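Residues per chain are reported as follows:
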Amino acid sequence: MINLFKTVVGIIAFLTLTSCLKEPKEKYEVIQGEAEYEKIIDDIVGPGTISPGSIKVGDKDTMVESLKIANSVTRERFRRELTVLEATSQGNQTQYKFQVKVIQRDDQGNPQQPVTSVRSLILVLTDEGYYQFFGDGTEYTVFSWDFLIGLRGFCSNFETENSIVQMNCSSIQNEAATYGPQNIPVRKLSLNRAYQITDKATGAVDTGKLRYVIQISPQVQEISKVLSFCVEGLQKFDNSVYQLVNCNNIESF
């Protein structure tokens, strides 16, 4: 079976929703290893995690990002409508183009004029049998498939040009649930993920921990399999630090 390129997906998964600071000290937890975590991912979506050939032109969905600050009311930050425009394979590469329409909200919660763009993603199958993922980095275009790609390697250590990142996962649970008014059967994956980031140049160390709740449905279309991706913990928002719950939820197909 083809496994994903752990360094790349680890970076994707770490950067997606982890603008955060230190958590308060908590009771001791039994650390569950990378192999144990990946066995759970295998059980949910299979050893390959993704099926690039299953993405079809015309596939679409709507994702809503919401934010809850401390005990305040949950509010919508923006919604993103995604449509697959192209899926082209040549040699060991597959390129996808997605139309992305985003409706942001201002500080008072009022929706702004929609902004539409095209996002490009490329998957490369290396000679070693791994997938490497390249995106254009366009703002506000994160979608379910990004999270799916990032799940493998989520509890793996990795390095960037400037940092060494060590991950520890604990309290991992994998349970059956249903999602949304459609009552879609899902696997509900929850875990704590602690990190330690060491700056290569200065040796400075930053640590923290976040709580993730991720709902995955292997039964729906490829781009939408991660129906809900939520992260909770102390995070920066508007240059201050709050206890935040940040969620991306598929609202419709």
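Note that this is a predicted model, so its numbers are computed, not measured.

1. So, the pattern of salt bridges
Summed over all chains, the structure comprises 11 salt bridges. The shortest N-O distance in the salt bridge between Arg152 and Glu38 comes to 3.7 Å. Placement of the pair is Arg152 in the loop between helix H3 (144-151) and strand E7 (158-159) and Glu38 in helix H2 (residues 34-45), with a sequence separation of 114 residues. By relative accessible area, Arg152 is classed as buried at 2%. For Lys101, the salt bridge identified is with Glu81, shortest N-O distance 3.4 Å. With Lys101 in strand E4 (residues 93-104) and Glu81 in strand E3 (residues 75-90), the pair connects residues that are 20 residues apart, well separated along the chain. Under the relative-accessibility criterion, Lys101 is labelled partly exposed at 27%. Residue Glu81 is classed as partly exposed on the basis of its relative accessible area, which comes to 29%. Among the charged side chains, a salt-bridge network with shared partners connects Glu76, Arg79, Arg105 and Glu251.

2. A word on the pairing of strand E8 (residues 163-179)
Bridging between E7 and E8 involves 2 bridges; their strand directions are antiparallel. Directly across from Glu159, in E8, lies its bridge partner Ile164. Two successive antiparallel strands, E8 and strand E9 (residues 184-199), enclose a turn made up of 4 residues, where Gly180 displays a positive phi of approximately 65 degrees.

3. Topic: the state of the cysteines
Tallied over the entire structure, the rule returns 2 disulfides. The disulfide bridge from Cys155 ends at Cys169, spanning 2.0 Å between sulfur atoms. Taking the torsion about the sulfur-sulfur bond, which here is approximately -100 degrees, the covalent link between Cys155 and Cys169 counts as left-handed. Of the two residues, Cys155 is situated in the loop between H3 and E7 and Cys169 in strand E8; the sequence distance between them amounts to 14 residues. By the burial criterion, Cys155 is buried, and Cys169 matches it.

4. A word on the nonpolar core
Among the nonpolar cores identified, the biggest contains 45 residues, and Tyr37, Phe98, Trp145, Leu189 and Leu191 are the most heavily contacted of them. When sequence neighbours within four positions are dropped, the list of residues in contact with Tyr37 reads Leu151, Phe154, Cys155, Ile172, Leu189 and Leu191.

5. Description of the environment of Asp61
Residue position: Asp61 is located in strand E2 (residues 60-69). Asp61 sits in the buried class, given a relative accessible area of 3%. Taking the C-alpha atoms as reference, Asp61 lies 8.2 Å from Ile223; in sequence the two are 162 residues apart. With residues near it in sequence (within four places) discarded, Asp61 still touches Arg80, Glu81, Leu82, Gln221, Ile223, Ser224, Ile250, Ser252 and Phe253. Of note is the side chain of Asp61, whose polar atom sits 3.1 Å from the side chain of Arg80. For Asp61, the side chain forms a polar contact with the side chain of Ser224, separated by 2.5 Å.

6. Some words on the confidence of the model for the chain
For the chain, mean pLDDT is 83; residues scoring 70 or higher make up 86% of the total. Highest mean pLDDT in the chain belongs to E9 (95); lowest belongs to helix H1 (residues 6-16) (40). Low pLDDT (under 50) marks residues 1-28, which in the prediction has 87 contacts with non-local residues, meaning those over four places away or in another chain.

7. With respect to the side chain of Arg119
By secondary structure assignment, the location of Arg119 is in strand E5 (residues 115-125). Residue Arg119 is classed as buried on the basis of its relative accessible area, which comes to 7%. Looking at Arg119, its side chain comes within polar contact range of the side chain of Asp146, at 3.0 Å.

8. Topic: H3
Here H3 lies mainly inside the structure; 8 of its 8 residues are buried. Listing the buried residues of H3 in full gives Ser144, Trp145, Asp146, Phe147, Leu148, Ile149, Gly150 and Leu151. Just downstream of H3, Gly153 is the residue with a positive phi angle, here 90 degrees.

9. Focus: H2
For H2, built from 12 residues, the straight-helix expectation of 16 Å at 1.5 Å per residue is met to within 8% by its first-to-last C-alpha distance of 16 Å. Residues of H2 that are buried: Tyr37, Glu38, Ile40, Ile41, Ile44 and Val45. The buried residues of H2 occupy an angular sector of 150 degrees when projected down its axis, which confines them to one face. Of the exposed residues in H2, those oriented more than 90 degrees away from the buried face are Ala35, Lys39 and Asp43. Just downstream of H2, Gly46 is the residue with a positive phi angle, here 95 degrees.

Analysis parameters
Residues numbered from 1 in each chain as written. Predicted model: local features only at pLDDT ≥ 70, side-chain atom pairs only at ≥ 80, totals over all residues. Heavy atoms only, no water. Salt bridge = Lys/Arg side-chain N within 4 Å of Asp/Glu carboxyl O. Helix = DSSP H or I, 4+ residues; strand = E, 2+ residues; numbered from the N terminus. Buried < 20%, exposed > 50% of the residue type's maximum accessible area, 1.4 Å probe, protein only. Pairing = 2+ DSSP bridges. Disulfide = S-S within 2.5 Å. Core = buried A, V, L, I, M, F, W, Y, C linked by side-chain atoms within 4.5 Å. Contact = heavy atoms within 4.5 Å. Polar contact = N/O pair within 3.5 Å; in protein donor to acceptor, adjacent residues only side chain to side chain. pLDDT = per-residue confidence, 0-100. Expected span 1.5 Å × (residues − 1). Arc of directions from axis to C-beta.

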